[in-house]
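What the coordinates show
What follows is each chain in one-letter form.
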Amino acid sequence: MTLLRVENLAVSYGAIKALHGIDLTIEEGEIVSLLGANGAGKSTTLRAISRMLPLQGGDIFYRDQSIKHIPAHTLVAMGIGHVPEGRGIFPNLTVQENLALAAWTQKNKQRLAASYEKVFALFPRLAERLPQLGGTLSGGEQQMLAVGRALMTDCKLMLLDEPSMGLSPLLVKEVFRALQAINAQGMTILLVEQNAHMALKIAHRGYVLENGRMVLEGPAAELAKDPRVKEAYLGT
Amino acid sequence: MSTQPQPEPTTPPPESGLPKVRFWMVCALILALALPLQLSVDAGLFPDVLNPYYLHLLTIIGMNIILVASLNLLNGYLGEFALGHAGFMAVGAYTAALLATKVLPGAAALPPVIGTIGILVVSLGGAMLASAGVGYLIGLVTFKTVGDYLAIITLGFNMIIVNAIQNIEFVGGPRGFTGIPKNTNFVAVAVCALLTIAVLRNLIQSSFGRVWVSIRENAIAAELMGVSIARAKNWAFTIAAAFAGLAGGLWAQNQQFITPRSFDYIKTTEILVMLYLGGMASLSGSILGVVAYTLLMELLRNLLSAFAPQLAEWRMLISPLILIIIMLTRQTGLLGNREWRWLRPRPGA
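Residues numbered from 1 in each chain as written. Chains lettered and ligands numbered in written order. Predicted model: local features only at pLDDT ≥ 70, side-chain atom pairs only at ≥ 80, totals over all residues. Heavy atoms only, no water.

So, about the overall build of chain A. On a plain count of helices and strands, chain A comes out with 10 helices and 10 strands. Computed over C-alpha atoms, the radius of gyration of chain A comes to 17 Å, within 12% of the 18 Å expected from 2.2 N^0.38 for 236 residues, which places it in the range of a compact globule. With the principal axes as the frame, chain A shows a C-alpha extent of 45 × 45 × 35 Å. A buried classification covers 56% of the 236 residues belonging to chain A. Considering only contacts in chain A between residues 6 or more positions apart, those separated by 24 or more positions represent 67%. Within the structure as shown, chain A displays about 10,000 Å² of accessible surface, and the carbon and sulfur contribution to it stands at 52%. (Helix = DSSP H or I, 4+ residues; strand = E, 2+ residues; numbered from the N terminus. Rg over C-alpha atoms; globule rule 2.2 N^0.38 Å. Buried < 20%, exposed > 50% of the residue type's maximum accessible area, 1.4 Å probe, protein only. Contact = heavy atoms within 4.5 Å. Areas by Shrake-Rupley, 256 points an atom, 1.4 Å probe, with all protein chains shown as cover.)

Structure (structure tokens):
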């Protein structure tokens, strides 16, 4: 079943067009990578999907329902979680409070407890750091917290913006393993990444953006072999 | 927000032999002392120690605590810069004055104490409702504005309120509202101040408070967590305005005379100075800031008028100076965003 369908999406910042009408579909249970150079429009695409940016044209369908006119905060209850670029954790709140805040929309106590358990099973490190202030965590732990926070919202589709940013190669591997584990439990993931090599390794399908236009799409394994992708993003 | 290294909230407090002070203990102590204090001052017992002037100072401190703690909700926890707090206070003060003089004088026929308490409760309730309504509207207007823009809108609102009252002849216009019965005393103010602190403390430790702090820390991330920023902000403005109205209602029935000028932006500035002196996002800071500032101003008044009576007004020059010095030397205020232990949440609560 198609979880998310983006049709002819156009976004601009003032007079500057960031997206010139792109199409994208995500099936339930998939990991889809969105690749591209700096300024290609990857983060813009995510922000448009989570309704943080106004659309200039096109439409977005979530479970076949247009979400064009739905405000950002209600999307969370509908099941779209967004882990923003630079993590966006609350530095002066404790890890516990960060997670509790994300459960804001979750009124069911049993499912809330289950969400906590899921997060701690995935990131045992967070359980150890519950009383610590978010800002004092290491970069990798902050990323785990950001992903954990999205999990707490009980989302069905997770939008991830550059989870590898500023992390050591070892930590990048750890975060990506966690993403695969989340996916194995049924989460659909749209992953924006600079690290094309890692992104294509865990993804099922991929899209390549260039200057606000989709230039390539296909199964991740094929994209990884494509000479144009190899040259532009993977190095040879 | 703060540049100071913060104590880890989890480190268990060092075990001391002293019994731990709890919030309800402080409340009980103040309430137990308030009534005998008021009664013995009224009766003129021990005129050297229990001077009515000292009690007046304590009353002022109580009202200022309500004002500063409620402004802290907006400027400290929500992280906005609201500049119209005296406007909400004016709405509360005039509403309470009107209720007490024009609507409820019939209640004076009731037995004295019950009649006064009745008028006080109804007029304060009305004051809170009226200013909460105005606060809700301000929250709506400031919907998507932050920072400088919000500051200017709230400042404009403060001026509108003051100028509007000045032109309403029915409430005395620029001459002020006279003949308000003195329904308030120190006991009433103490009860209201403790109630304010208790409500704010619980709110701040609830998910409401977490939502406000999250908006301050990172509004985008908060929205991505499903927080409706507009609604959370509106709640904060409504609640803060209600308590400012409560302080205004108490003020009117304590001073027995109010003029529009006493609620202009200079009053707002005074509240801000106390807030920043004590420290943002800390109820302990609000209390400490009010006590320190009020006592300092009174000391200066006495000190300066000891030299020459006309010098006393120069203390108004010193309060902005204090603000400048705080901003230059200790931006986090006296307490930063720390709380006294008795105001902190219980671990695990």
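Still more ground to cover, so stick around.
This part takes up the packing of aromatic side chains. Scanning all chains against the criterion turns up 10 aromatic pairs over all chains. Taking 6.4 Å as the distance between ring centres and 70° as the angle between the ring planes, the aromatic pair formed by B:Tyr94 and B:Phe263 counts as edge-to-face. With B:Tyr94 in helix H3 (residues 85-103) and B:Phe263 in the loop between helix H9 (229-255) and helix H10 (265-278), the pair connects residues that are 169 residues apart, well separated along the chain. Taken individually, B:Tyr94 and B:Phe263 each receive the classification buried, so the pair is uniform in this respect. Relative to B:Trp342, the ring of B:Trp340 lies with its centre 6.0 Å away and its plane at 25°, an arrangement referred to as stacked. Judged by its relative accessible area of 29%, B:Trp340 is partly exposed. One aromatic cluster is present, built from ring pairs that chain together B:Phe23, B:Trp340 and B:Trp342. Over the ring of A:Phe90 we find A:Arg149, and its NZ or CZ is 4.8 Å from the ring centre. (Phe/Tyr/Trp six-rings, centres within 6.5 Å; stacked < 30°, edge-to-face > 60°. Lys NZ or Arg CZ within 6 Å of the ring centre and 35° of its normal.)

In this structure, A:Met158, B:Ile258 and B:Phe263 are the most contacted members of the largest nonpolar core, which totals 141 residues. Sorting elements by how many residues they give to this core places H9(B) first, with 14 residues. If near-sequence neighbours (up to four positions away) are discounted, A:Met158 is found in contact with A:Gly81, A:Val83, A:Val147, A:Ala150, A:Leu151, A:Met187, A:Thr188, A:Ile189 and A:Leu190. The next biggest cluster of nonpolar side chains, apart from the first, holds 29 residues, and it includes A:Leu24, A:Leu53, A:Leu55 and A:Ile67. (Core = buried A, V, L, I, M, F, W, Y, C linked by side-chain atoms within 4.5 Å.)

All names here are of chain A. Read across the sheet, 4 strands follow the order E2-E1-E4-E5 without closing on themselves; strand pairing throughout is antiparallel. Both outer strands of the open sheet, strand E2 (16-27) and strand E5 (65-66), are each paired with one neighbouring strand and no more. Here strand E1 (residues 2-13) pairs with strand E4 (residues 57-62) via 5 bridges, running antiparallel. If you follow Leu-4 over to E4, its bridge partner there is Tyr-62. In this fold helix H1 (residues 42-49) packs onto E1, E2 and E4, with an angle of close to 115° to the strand it touches most, E1. (Pairing = 2+ DSSP bridges. Axes fitted to C-alpha atoms, helices over the stretch in contact; angles between N-to-C directions.)

The next point concerns the state of the cysteines. Tallied over the full model, the rule gives 0 disulfides over all chains. Free of any disulfide, B:Cys27 has its nearest cysteine sulfur in B:Cys192, 13 Å distant. (Disulfide = S-S within 2.5 Å.)

Paired through their backbone hydrogen bonds, the strands of a sheet run either parallel or antiparallel. All names here are of chain A. Judged by pairing direction, the sheet is mixed, and its 6 strands sit side by side in the order E6-E7-E8-E3-E9-E10 without closing on themselves. With one partner strand each, in any of the chains shown, strand E6 (80-83) and strand E10 (213-219) form the two edges of the open sheet. Taken over all neighbouring pairs, the strand axes of this sheet differ in orientation by 15° on average, direction set aside. Judged from the 5 bridges that link them, strand E3 (residues 31-36) and strand E9 (residues 205-210) form a sheet pairing that is parallel. Paired with Gly-36 across the bridge in E9 is Leu-209. Seen against the sheet, helix H7 (residues 169-184) touches E3, strand E7 (157-161) and strand E8 (188-192) and runs at an angle of roughly 150° to E8.

Taken together, the 22 residues of chain B in the interface contact 24 residues of chain A. Between chain B and chain A, a total of about 2,100 Å² is buried, with carbon and sulfur atoms accounting for 70% of that surface. Taken as a group, B:Arg210, B:Leu224 and B:Met225 account for 34% of the area that chain B buries against chain A, more than any other trio of residues on that side. Where chain B meets chain A, there are 0 salt bridges. Scanning the region where chain B abuts chain A turns up 2 residue pairs in polar contact (both at pLDDT 80 or more). Mapped onto the side of chain B that touches chain A, the elements with two or more residues apiece are helix H7 (207-217) and helix H8 (219-224) of chain B. Split into classes, the residues belonging to the side of chain B that touches chain A amount to 10 nonpolar, 7 polar and 5 charged. (Buried area = accessible area lost by both parts, 1.4 Å probe. Salt bridge = Lys/Arg side-chain N within 4 Å of Asp/Glu carboxyl O. Polar contact = N/O pair within 3.5 Å; in protein donor to acceptor, adjacent residues only side chain to side chain. Nonpolar A, V, L, I, M, F, W, Y, C, P; charged D, E, K, R; others polar.)

Next up on the list: the environment of B:Gly106. In this structure, B:Gly106 sits in the loop between H3 and helix H4 (112-141). Residues B:Gly106 and B:Ile180, 74 residues apart in the sequence, show an inter-C-alpha distance of 14 Å.

What follows is about the pairing of E4(A). Residues and elements named next belong to chain A. With 5 of 6 residues buried, E4 lies mostly within the body of the structure. Pairing of E4 with E5 involves 2 bridges; the strand directions are antiparallel. Considered in E5, the bridge of Phe-61 is made with Ser-66.

Along its 27 residues, H9(B) runs 38 Å from first to last C-alpha, staying within 8% of the 39 Å computed at 1.5 Å per residue. Phi turns positive one or two residues past the end of H9(B), at B:Gln256, with a value near 65°. (Expected span 1.5 Å × (residues − 1).)

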